[in-house]
Structure formats: structure tokens, C-alpha cells
Amino acid sequence: MHAHYGAGGDGGGDRRAAPLPGDAGLYFLGALHELVAVGLHRPALEALCAGQRDLAEPPIDRAYLLKILDEEICRQFGHPLRPLIELVLNAADAARAPQPVVDVAVTDGRVEVSDAGAGMGLRAILSRLLIPFATDKRPGIDLGRFGVGFFSVLGLGLSDPESFSLHVTTGDGVEGWAIRVVAWPSAGDAGSAPASASEELGQARGRASPELTAALMCSVRRIAPLLGTRVRVTSALLETATVRAYLRDALHFFPASRALVLLDGAAVNDGRLISGGQLIQERVAVAPQPPGAAALEARTHLGDALLARFHVGGRGLLPSISAATFHAGVKVDACLALAELALIDFPAAVELTEGRDALKVGPEFTAVATAFYRRLIELAAASGEGRRTRDRLAEMAAQISALMLQSAGWDEVALDLARALLGPGRCMVTPERREALLGFLGPSVAERLFVPESFWAEREWQPHLPGERELLEDELEIDPPETLSALARRRGDLSGLPLLVARATSPHTTMVALCRSRLQPDRGAGAAARRAPGAPPLPDAPGRRPAGPLPCLGTRRLLLIRDDSAAVRRPSGWSDWYALRAAFDRASGVREADLERDLIVGEPVDGPAFAAPRPGERTSGGEP
């Protein structure tokens, strides 16, 4: 079948076999999937651990085994370098010192991860390291999961088989072992010499993935006893600068209490790569789940382990370090859209998705997200920051919800965030509507506007904040809608309306409504609360906000005209004519470029074409 050689045992039996000359300590040499088959078959595993030279072939379906291995090798993580992080997690889990250290050395084409923790004997290598999902990780405690780190690294061998090799040396202090995996260019007989390198590489890339997986060759050799594990990955795909930047970005928020990570001798997770901000640790409570489920007992048990970390504010000192969510200290979802540095370290109790480099939204995930939002409220209250800073926090919270936390827990906490960060009476308007509303309602209304800077913040806040319609109804008294021509006939006292009729393409179908500022509740208490439609205007009534410089505003339903605007009541001079003309054209939907061109090359705003029509004269709409 394939070559097995024994030299000494590891406590698995008394049988010994003499090694062949020149192969001292060699226990296995052959296809990797054949060694996995040995680990899956208990008699073959015991025989190999006992040092037997010839093993019976394990009765396992090789086609199915190759399919499973191919899935584990090729479909692990979204980022091609994420398997290197799995090696660091495994090293941190193996560490036993009070302040464990994981050394990562990067050179061009090679990455080496080493620790001085609990290594493995041959039985552990065969039954845990080489068997997918056969892991002894403790749920909610250990960082690595699923037992997939070793296989995920092998994906580099399928992408570039010529340059790939994986070399593992490990020992538990009593014995030592070396495992080497290479991507053999030919999927045929392991002993046959391959053709030219470029030719075989082209053939390998053209094969199906299971054939590439079958081409992974492995050797297991006994070496001198040692304590700890060292993993060396060699591949032309490991470009030095790219690998270092990725490791710094992914590991700078790794909890130093679990392990200090040294990248080429320099610590990356001791805080030196982050400037400013505040680090918060919080024990998170999970909301009770419906009774009668075994998962409930597990969640209740894991509740003691829900210790989350938040780092808010500050900035990354390297361009690659961005706002991100983390799981067990490892970044799983980055957000380059945030200028602020917002780092969230989820407890290990939060489950991973099937792709294994994203978090699964569930009760634990939602509890951590909600705790983070509430921390923003506490930070804003404690710092006593002004409105501008609070608005920025509201923007950041919404962006984090949309881009990093999948909106988990947002609906439950959004109203509390709005009250704490935005204050009462705030209405959300889009950036393109801000200037029009300020020009129509006046600058005094600016304190009520919340203008999200991003699409994501607008999307998150829209269901929870009043908008433009509510703002207009709250600020203005609005008369019933009518056509522009009918309004001009009815309100002959408003001298600016004839100009608007002249500007309208079809004044007898253009729907408008007169409006004016409402009486403010704390001012003008002795004045009339409301004015009946059609009654003389009260422009100077106490308690009303002064009108803005733009007398017209377009909305989705109709066009609003302020009868308390001087340009509408009694236009005088070119500034009032300009305000009427420009505001009406914009409210009617005229493109800005066309509007500006018309102002430049059209009739002068104070010319005869814009004089008020005389009694009995017909307008452009064909009505008197």
C-alpha cells in the first residue's frame, strides 16, 4: 500500500521494529489521506503507535475520505491568510505558563509559529491533529475551534503546490515528533519522478480538487524529546509585507492575558499599535430564552464566560488597523468606513458561522452588541461632550450596527441611544435636503436637524427617528392644498404669487399649499393659537420663528409657499425676485445646472418680464 517503518514506541505497545538504514525514526511515508485513514481506524492506529512495520490497509472509502479532506482544506476561511491565525490560536491554547508567549517569525515565503506549551505525542497527532473536527478544545474557554487549523494551512499547498511545505515539530517533554507535508506534483505513484516542474504545476492546477488533495504527501519521524510545538509553513504565496500587515491587523487586539504574540520579536498585542481611546471589560448578561431546550442550559452555563471587551475611540497607528469586530481576539469582520477606532472582542461563547471566519447572530452575540451600544451612552454622559460630538457618536453607533454587528440588538436600544445622544425633538433629514430646509424654515431650526453622513447611518436611524414630514408639520401651519392659479386668484394680497404663476409651466395643475411658522408654546401665549385659512397673515406675531430666505420648498406631495416671507408678501428689489425665482424653480424640480444657466443667460430678475401682471392680464397658464 505505502511505506511504514517503526523505530521504538510511544507507550502504545511492546512491539518494536528495526528501522531501515538511513531512515532512523521514520514511522510513516506516503499520502496524507492514507495517514488520516490510519488515524480513523483504531487497529491500524494502535499498530503504528506500537512501531509495527507493516500495517493492514484500513477499510475506509478513500473517495469519500478525499472528498471530506478536500472540503476541510479548500473551504475553511474567507481570507487566504486566516489559517495562519488558526496556528496562533492553537499555540495560545497549548501554552501553560502564567504569561504565555507565542513567537511568529515571517520571512519572504515562510511563516513560523512556535510555543513552549504542551505538545503532542504520536497518538495525539494521529487521533487529534490529523482528524478533522477531532478536537479537545474546551467550548467557551479555548480559542481554537473545530480542529481545522492544520488542514486549513494545507490550502496553500493546493494553490501553489511547487513552493509549499508544512513542517511540524512537537513534543510533550517525553518524546518528540516531526511531521512534514508537501504537495507532490503528481497525483499518481508517490515514488515516480515527476515531469518538469512547470508542466506538472499546470497539470495539477487543471485537475479537480480531490486529485490535488490526494497529491499531498506526508512523513512522520521520531526526533529527540522536546516540549512545545513549532509549525513552519513555506509557500511563494506568503509575501513578507502582506503577511506582517495582516497579522498585526488581526492580532493587535488579541487578549495579552491569553498569550503575548511576538511578531519577529516585537509584541503586537500589548497596546502599542493603538493610540488613545478607552478599553472596557464587561460581563454580559444573556436574555432568558424559552424554556424546555437543552441549549438553554448550555447558554446559562456559558453565561458566566460572557466577558466582552470594548475599545472605543483612539486610532490605529498603522494604516491597516481598522474598526472591527473580533472573536476571541481575532478579527472576523473589518469596517474601513469608520474613522473612529471601535474594537469589539466577543466572548468565545459566541458561535461561529459555517464559514468559520464570521460570527453567528444569536442571543450571546445580540447581548454583546447591546452592551456595546449602552456603553456608548455611558461614555457620552460621563464625558459631557457637546452636541456635535454626540451626533458623531450617533453616526458611529449606526455605522457599527449596519457594517459590523448586522443590526443585532439595534432595535432594542435605538430609542435609548436617540434620547441620550441626539436629545428630544431631533428629526433626521438627508444631506441633500439640509440646505433647502434651513433656507425654508430658517437657521433657527438647525438645532433640530440630525443629518447622517453615511448611507448606513441613514438606513439604521430611519425607522427610529421622525423625518422631514414630521419636522414640517411640527414647525409650520399648513393650509389645505390647492392649485397655484387658484391660490393666486384667492390671495391677491400676496404680491409675489403672480411671479410664481409666470414661472410655472402649468399653474392650473401645480398643487401648492400656503404655510407659516407655528406659534411656539413658550412664546406669544396671548396671541391667537391658529389662524384660519385665508385670513390675513400675521408675519410679525410674537412667538413665531422668522421665515428663512427661501420662500418655496418642494415636497413629495406638493409645493409649499410661505405667506410670512417678505418675498411672497411684498417683493421689492432684485434679491426678493431672485429668491422667488430660484426657490420656485428648485422646488419644481428644475435641475441645478439648468437653473444656473437660466439665471446667467435668461431675462434679468428685475426686468419687465418679471413685473407683476396688471389687472385683467393673462398669465402664461392661460388663466386671468
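None of the values given here were measured: they were computed from a predicted structure.

A. Representation of the overall build of the chain within the structure. When its secondary structure is counted, the chain shows 22 helices and 24 strands. The buried share of the chain, taken over its 624 residues, is 51%. Carbon and sulfur atoms make up 54% of the accessible area of the chain, which totals about 28,200 Å².

B. A look at the sheet that holds strand β16 (residues 330-335). Strand order in this open sheet of 5 strands is β12-β13-β17-β15-β16, and the pairing throughout is mixed. Across the chains shown, the open sheet's two edge strands, defined by having one partner strand only, are β12 (278-283) and β16. Direction aside, neighbouring strands of the sheet carry axes that sit 15° apart on average. Summarising the sheet, strand β13 (residues 307-312) and strand β17 (residues 342-346) pair through 4 bridges and their orientation is antiparallel. In the sheet register, V312 faces β17, and the bridge partner there is A342.

C. Molecular detail of the pattern of salt bridges. Going through the model one piece at a time under the given rule, you end up with 34 salt bridges. Between R375 and E282 there is a salt bridge whose closest N-O contact spans 2.6 Å. Highlighted residues: R375 in helix α12 (residues 363-383) and E282 in strand β12, separated in sequence by 93 residues. In this structure R375 comes out as partly exposed when scored by relative accessible area, which is 21%. For D345, the salt bridge goes to R309, with nearest N and O atoms at 2.9 Å. Placement of the pair is D345 in strand β17 and R309 in strand β13, with a sequence separation of 36 residues.

D. Structural context of the packing of aromatic side chains. Taken as a whole and assessed by the stated rule, the structure comprises 9 aromatic pairs. On the numbers, 5.1 Å between centres and 70° between planes, the contact of F455 with W456 is edge-to-face. Residue F455 is classed as exposed on the basis of its relative accessible area, which comes to 52%. The structure contains a cluster of three or more aromatic residues connected by ring pairs, namely F310, F372, Y373, W410, F450 and W461. Directly above the aromatic system of F253 lies the positively charged group of R309, at a separation of 4.1 Å from the ring centroid. The aromatic ring of F440 is capped on one face by R562, whose charged end is 5.6 Å from the ring centroid.

E. Representation of the confidence of the model for the chain. When pLDDT is averaged across the chain, the result is 79; 77% of the residues are at 70 or more. Below pLDDT 50 for its whole length, residues 134-146 participates in 42 contacts with residues either more than four positions away or in separate chains. Across residues 612-624 the pLDDT falls below 50, and counting only partners more than four positions away or on other chains, this stretch makes 14 contacts in the model.

F. Highlighting the side chain of N269. By the secondary structure assignment, N269 is in the loop between β10 (266-267) and β11 (274-275). On the accessibility criterion, N269 (5% relative accessible area) is buried. A polar contact is formed between the side chain of N269 and the backbone oxygen of A259, at a distance of 2.9 Å. One polar contact links the side chain of N269 to the main-chain amide nitrogen of V261, over a distance of 3.0 Å.

G. Spatial organisation of unusual backbone geometry. A positive phi angle is found at Q406, which is not glycine, with a value near 55°. Looking at the secondary structure, you find Q406 in the loop between α13 (387-403) and α14 (410-422).

H. Focus on the nonpolar core. Residues V104, L154, L166 and L247 are the most contacted members of the largest nonpolar core, which totals 76 residues. Here the element with the most residues in this core is helix α4 (residues 82-94); it accounts for 7 residues. If sequence neighbours within four positions are ignored, L166 has contacts with F150, V153, L154, I179, R180, V181, V231, R232 and V233. With 49 residues, the next largest nonpolar core counts A323, F365, A371 and L422 among its residues.

I. The arrangement of the packing of α4 against helix α10 (residues 240-251) in detail. It is the contact of α4 with α10, at a shortest axis distance of 10 Å, that shows an interaxial angle of 55°. If you check the angle between α4 and α10, you find them oblique. For the element pair α4 and α10, the recorded crossing hand is right-handed. Contacts from R82, L84, I85 and V88 of α4 reach α10 at V243, Y246, L247, A250 and L251.

J. Highlighting the environment of A328. By the element assignment, A328 lies in the loop between β15 (323-327) and β16. Sequence-wise, A328 and P347 are 19 residues apart; in three dimensions their C-alpha atoms are separated by 5.9 Å.

K. Molecular detail of the packing of α12 against α14. Between α12 and α14, the least distance of the axes is 9 Å, while the angle of their chain directions is 10°. Taken together, the axes of α12 and α14 lie roughly parallel to each other. Here α12 contributes Y373, R374, L376, I377 and A380 to the contact with α14, which in turn contributes W410, E412, V413, D416, L417, A420 and L421. Classifying every residue of the contact of α12 with α14 gives 9 nonpolar, no polar and 3 charged.

L. Representation of α4. Between its first and last C-alpha atoms α4 spans 19 Å; for 13 residues at 1.5 Å apiece the expected length is 18 Å, and the two agree. With respect to burial, α4 is a largely interior element, 12 of its 13 residues being buried. Looking at α4, one finds that the buried residues are R82, P83, L84, I85, E86, L87, V88, L89, A91, A92, D93 and A94.

Thresholds, definitions, all that
- Per chain, residues are indexed from 1 in the order of the written sequence.
- The predicted origin of the model limits local features to residues at a pLDDT of at least 70 and limits the giving and counting of side-chain atom pairs to 80 or more, whereas totals for whole chains, interfaces and linings rest on all residues.
- Calculation of side-chain values draws on the structure's entire complement of heavy atoms; hydrogens and water are dropped beforehand.
- The helix count covers DSSP runs of H or I at least four residues long, the strand count covers runs of E at least two residues long, and both are numbered beginning at the N terminus.
- Only protein chains enter the area calculation, which uses a 1.4 Å probe; residues under 20% of their type maximum are buried, those over 50% are exposed, and those in between are partly exposed.
- Using the Shrake-Rupley algorithm and a 1.4 Å probe, accessible areas are obtained, with residue cover drawn only from the displayed protein chains.
- For two strands to pair, DSSP has to find at least two bridges joining them.
- Working convention: axes come from line fits to C-alpha atoms, limited for helices to the stretch in contact. Angles between N-to-C directions cover 0 to 180 degrees.
- Any Lys or Arg side-chain nitrogen located within 4 Å of an Asp or Glu carboxyl oxygen qualifies as a salt bridge.
- Any pair of Phe, Tyr and Trp rings, taking the six-membered ring for Trp, is counted once the centres come within 6.5 Å. Such a pair is stacked with planes under 30 degrees apart, edge-to-face with planes over 60 apart, and tilted for the rest.
- The criterion for a charge sitting over a ring is simple: Lys NZ or Arg CZ within 6 Å of the ring centre, and within 35 degrees of the ring normal.
- Confidence scores here are pLDDT values: one per residue, from the predictor, ranging 0 to 100.
- Note on contacts: a residue pair is in contact if any heavy atoms of the two residues lie within 4.5 Å.
- Counted as a polar contact is a pair of N or O atoms within 3.5 Å, where, for protein atoms, one must be capable of donating a hydrogen and the other of accepting one, and residues adjacent in sequence contribute only when both atoms are in side chains.
- By nonpolar core is meant a set of buried Ala, Val, Leu, Ile, Met, Phe, Trp, Tyr and Cys residues that side-chain atoms within 4.5 Å join together.
- With respect to orientation, any angle under 35 degrees is reported as roughly parallel, any angle over 145 as roughly antiparallel, any angle of 65 to 115 as roughly perpendicular, and every other angle as oblique.
- Crossings are sorted by hand: turned counterclockwise from the far helix by less than a right angle, the near helix makes the crossing left-handed, and turned clockwise it makes it right-handed.
- The classification used treats Ala, Val, Leu, Ile, Met, Phe, Trp, Tyr, Cys and Pro as nonpolar, Asp, Glu, Lys and Arg as charged, and all other residues, Gly among them, as polar.
- Multiplying 1.5 Å by the residue count of a helix minus one yields the expected span of that helix.

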